[in-house]
Amino acid sequence: MSHQFSDNPQVGVVSTFTELVQTRFHGKMNALCWHRRLSGDFTEIVNKLSLQEHVTEVTPEDLLELSLSEQGHIARLTILQDIRQLTDWGADPVLNLIQSYPRDTELDFISTDVYSYHVDRSPIETDTFLCTYHGAASEILPNHQVRQKILIPEIRTQLEQLHDGPADEFDNFLQAHFFDLHYQPSAGATALNLGVGHLWRLAVDHPGQHVLPCVHRAPVEKDGEYRLLLIC
C-alpha cells in the first residue's frame, strides 16, 4: 500500500468492515483504518442539513428527508450503510453536523475539551469508531510523543492547589474531572491527520485492553465550513 498510513507502526490498515472490527490491536498499533475513497457528494448533504446547535445530531430519518442529486444520494447511502453496519455490530453510532465544540476555558493551565489531545476511557470493553465525511479531520499522536498532563510538575502543582483536599483523594479528583485523560505533545511531535472518508477504530482505555489507548483530538474547524462526523 502506498498511502500515508501504511508505514506507520501505530496504524493498521484494512480493506473491509469485518477486518476493521475483528483485527486485534497489538504492540504499538492502537488505531485501525478502513482505508476508503468514497464516491458521492457529501458537501451537498452538509449544505442541505440544518444546524440547530453548534453540534447537531443528524438521524437517518433526517438524511432520508433530504432531496438530493444522484451524487448526493450516493453519499447518503454510504453514511446509512456505515450506520447500519456499526449498529448491527453492537455499536451506537451518532452522526453530527459540527460548527464547533464547546471550549473549556475555566482553567488557564489545563483544558479538558475535545480540542486537547486525550484518550477515551470506558468501564467495559469497547473501542471508538469515527469517520469524517466532510470538513477538517481528527488527529492522533503516537504514545511516545506525548506526556500525561497531570505528570507535568507545574500543572500537577496547580491541580493539587485546586484540589485542596486529602492527598489520598487526589487521584480520584483527577479522574472525576477527566484531567488524567489529557496529554501534552512533546517537542517535535508529529500528528497524523485521519483524513476524510476513512472509517477508524481507536483503542480505548478499559480493563481488557492490551495496548495503550489512542491519543487523539478534534481539529480546529475551518472558518465557515461545517464538519460531518460519524462517531461512537
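Just so you know, these numbers come straight off a predicted model, no measurement behind them.

A word on the sheet that holds strand β9 (residues 192–193)
Sheets are built from strands that pair by backbone hydrogen bonding, the pairs being arranged parallel or antiparallel. Strands sit in the order β9-β6-β11 across an open sheet of 3 strands; the sheet is antiparallel. Two strands in the sheet have a free side with no partner beyond their single neighbour: β9 and β11 (215–217). In this structure, strand β6 (residues 139–141) lies alongside β9, joined through 2 bridges in antiparallel fashion. Pairing of Ile-140 across the sheet is with Leu-192, part of β9.

Quick notes on helix α5 (residues 153–163)
Here α5 has its buried residues at Ile-155, Leu-159 and His-163. The buried side chains of α5 occupy one side of the element, clustering within an arc of 75° when seen end-on. In α5, the exposed positions angled more than 90 degrees off the buried face are occupied by Glu-154 and Gln-161. In this structure, the buried side of α5 is in contact with α6 (170–176). Among the residues trailing α5, Asp-164 stands out with phi positive, at a value near 50°.

Side note on the environment of Arg-76
Inspection of the secondary structure assignment puts Arg-76 in helix α4 (residues 70–89). Residue Arg-76 is classed as buried on the basis of its relative accessible area of 10%. For the pair Arg-76 and Tyr-133, spaced 57 residues apart in sequence, the C-alpha to C-alpha distance is 10 Å. Residues contacting Arg-76, with those up to four places away along its chain left out, are Ile-45, Leu-63, Leu-64, Leu-66 and Leu-68.

Reading the values: the criteria
Residues numbered from 1 in each chain as written. Predicted model: local features only at pLDDT ≥ 70, side-chain atom pairs only at ≥ 80, totals over all residues. Heavy atoms only, no water. Pairing = 2+ DSSP bridges. Helix = DSSP H or I, 4+ residues; strand = E, 2+ residues; numbered from the N terminus. Buried < 20%, exposed > 50% of the residue type's maximum accessible area, 1.4 Å probe, protein only. Arc of directions from axis to C-beta. Contact = heavy atoms within 4.5 Å.

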